[in-house]
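# Secondary and tertiary structure notes
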Amino acid sequence: MAGSVIILTGAGISAESGVDTFRDKNGIWSRYDLREVATPEGFTANPALVHAFYNDRRSQLPRVEPNAAHFALAELECLHRGSVLVVTQNIDDLHERAGSKNLIHMHGELAKALCARCGARHEWRGPLSTDLSCPGCGIPGALRPDVVWFGEMPYHMDRIYEALSTCDLFLSIGTSGSVYPAAQFVEEAARAGARTVELNLEPSENVYSFDEAVHGPASKIVPAYVNRILSGGTEV
């Protein structure tokens, strides 16, 4: 059956590639005050600190590689007869580098800059600072990381909810189940009649909302589940 598959991914899928997670015991928010580096107010108060935080994370991108879970999802998109959409909460570029094409970054992208004045987005691999001018409008000091901060609306929500309303299979991979609105996607998919499956290192906070749960390292359980879909072991 050539059904529609929606896949939500979180920090857990990239953790095995060496990308820091946020909410684990030794995650990013155990070392930084999110109010200082991940809010509009923090950026207004100390843009240099926020730029330094994201510059450090951006500089790490060339040192990490997609893992077997990223490649498996790209393979699913390529071989599944129906549609496959990956909605990621991650701001890294590992899905793209693994080959995923139909992809939404709901929390933005680390390798892009956003102009707070003209709204233009620019590919950006180097460091950002308040000394730089927007390549579009030329206004100095207006560039910020193109990431969604706490208190801001995630990107492409209309497109995401539209896709959830017609999906046949919803997979949640490497998410804590505590970040909204993403934590509600399973309910939206279930309301549409989709089968819902959690693939996670350990049970999430909303694991009981899913029809099925498989727990273990993403690099092992995601390729196995993709093989199950492609071989017809899960009806989609």
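Residues numbered from 1 in each chain as written. Predicted model: local features only at pLDDT ≥ 70, side-chain atom pairs only at ≥ 80, totals over all residues. Heavy atoms only, no water.

## Some thoughts on the nonpolar core
Grouped burial of nonpolar side chains is what soluble globular proteins tend to show. In plain terms, the rule: The criterion is simple. A nonpolar core is a set of buried Ala, Val, Leu, Ile, Met, Phe, Trp, Tyr and Cys residues joined through side-chain atoms within 4.5 Å. Buried, partly exposed and exposed residues are distinguished by accessible area as a fraction of the type maximum, computed with a 1.4 Å probe on protein chains only: under 20%, between the cut-offs, and over 50%, respectively. For helices the rule is a DSSP run of H or I covering at least 4 residues; for strands it is a run of E covering at least 2, with both sets numbered from the N terminus onward. The contact definition used throughout considers only heavy atoms, calling two residues in contact when any of these lie within 4.5 Å.
If you look at the biggest cluster of nonpolar residues, it comprises 22 residues, and the most contacted ones within it are Ile 7, Leu 171, Ile 173 and Val 222. If you list the elements that add at least two residues to this core, you get β1 (5-9), α5 (68-79), β2 (84-88), β7 (169-173), β8 (195-200) and α9 (218-230). Per-element accounting of this core gives the leading share, six residues, to α9. Apart from the residues within four sequence positions on either side, Ile 7 is in contact with Leu 73, Leu 76, Val 84, Leu 85, Val 86, Val 87, Leu 171 and Ile 173.

## A closer look at the environment of Val 64
Relative to the assigned elements, Val 64 resides in the loop between α4 (47-60) and α5. Separated by 30 residues in sequence, Val 64 and Leu 94 place their C-alpha atoms 8.2 Å apart. Leave out the neighbours within four places in its chain, and Val 64 touches Ser 17, Gly 18, Val 19, Leu 94 and Arg 97.

## Concerning the sheet that holds strand β6 (residues 143-147)
Here is the rule: Here a strand pair is declared whenever DSSP counts at least two bridges between the two strands. Every angle, taken between N-to-C directions, lies between 0 and 180 degrees, and every axis is a line fitted to C-alpha atoms, over only the stretch in contact when it is a helix.
Read from one edge to the other, the open sheet built from three strands follows the order β5-β4-β6, with strand pairing classed as antiparallel. The sheet is open, and its two borders are formed by β5 (121-123) and β6, each paired with just one other strand. With direction set aside, neighbouring strand axes in the sheet form an average angle of 45 degrees. In this structure, strand β4 (residues 108-115) lies alongside β5, joined through three bridges in antiparallel fashion. Bridge pairing links Leu 114 to Arg 121 in β5. This element, α4, spans β4 and β6 of the sheet and lies at about 55 degrees to β6.

## Considering the packing of α5 against α9
To describe two helices that pack against each other, one gives the angle between their axes and the distance between the axes. Counted only if it meets this: Each angle is binned into one of four classes, with values under 35 degrees roughly parallel, values over 145 roughly antiparallel, values of 65 to 115 roughly perpendicular, and all other values oblique. Handedness of a crossing is defined here by the sense of rotation of the near helix relative to the far one, left-handed for an anticlockwise turn of less than a right angle and right-handed for a clockwise turn.
At a minimum axis separation of 7 Å, α5 and α9 run at an interaxial angle of 15 degrees. Here α9 runs roughly parallel to α5, going by the angle between their axes. Here the hand of the crossing between α5 and α9 comes out left-handed. Across from Ala 68, Ala 69, Ala 72, Leu 73, Glu 75, Leu 76 and Leu 79 in α5, the residues of α9 making contact are Ala 218, Ser 219, Val 222, Pro 223, Val 226, Ile 229 and Leu 230.

## Some points on α9
Keep this limit in mind: Take the residue count of a helix, subtract one, and multiply by 1.5 Å to get its expected span.
Here α9 is 13 residues long and its end C-alpha atoms lie 18 Å apart, about the 18 Å a rise of 1.5 Å per residue gives. Along α9, the residues classified as buried are Ala 218, Ile 221, Val 222, Pro 223, Tyr 225, Val 226 and Ile 229. Looking at the packing, one finds that the buried side of α9 touches α1 (11-15), α5, β7, β8 and β9 (212-215). Two residues or fewer past α9, Gly 232 is found with a positive phi of approximately 90 degrees.

## Notes on the packing of aromatic side chains
Test applied: Only Phe, Tyr and Trp rings are paired, with Trp represented by its six-membered ring, and only when their centres lie within 6.5 Å; those with planes under 30 degrees apart are stacked, over 60 edge-to-face, the remainder tilted. Here, over-ring charges are defined by two tests on the NZ atom of lysine or the CZ atom of arginine: distance to the ring centre within 6 Å, and angle to the ring normal within 35 degrees.
Applying the stated rule across the entire model yields five aromatic pairs. Residues Phe 43 and Trp 149 carry aromatic rings whose centres are separated by 5.3 Å and whose planes lie at 40 degrees to one another, so their mutual orientation is tilted. Of this pair, Phe 43 sits in helix α3 (residues 40-45) while Trp 149 sits in the loop between β6 and α7 (157-164), and the two are 106 residues apart along the sequence. Overall, the relative accessible area of 14% leaves Phe 43 in the buried class. Residue classification places Trp 149 among the buried positions, given a relative accessible area of 2%. Aromatic side chains Phe 53 and Tyr 54 sit 4.8 Å apart centroid to centroid with 85 degrees between the ring planes, which places their arrangement in the edge-to-face category. One exposure class covers both Phe 53 and Tyr 54, and it is buried. Through pairs of rings, three or more aromatic residues link up here, namely Phe 43, Phe 53, Tyr 54 and Trp 149. The ring of Tyr 155 has Arg 121 lying over it, and the distance from NZ or CZ to the ring centre is 4.7 Å. One Lys or Arg, Arg 144, reaches over the ring of Trp 149 and ends 3.7 Å from the middle of that ring.

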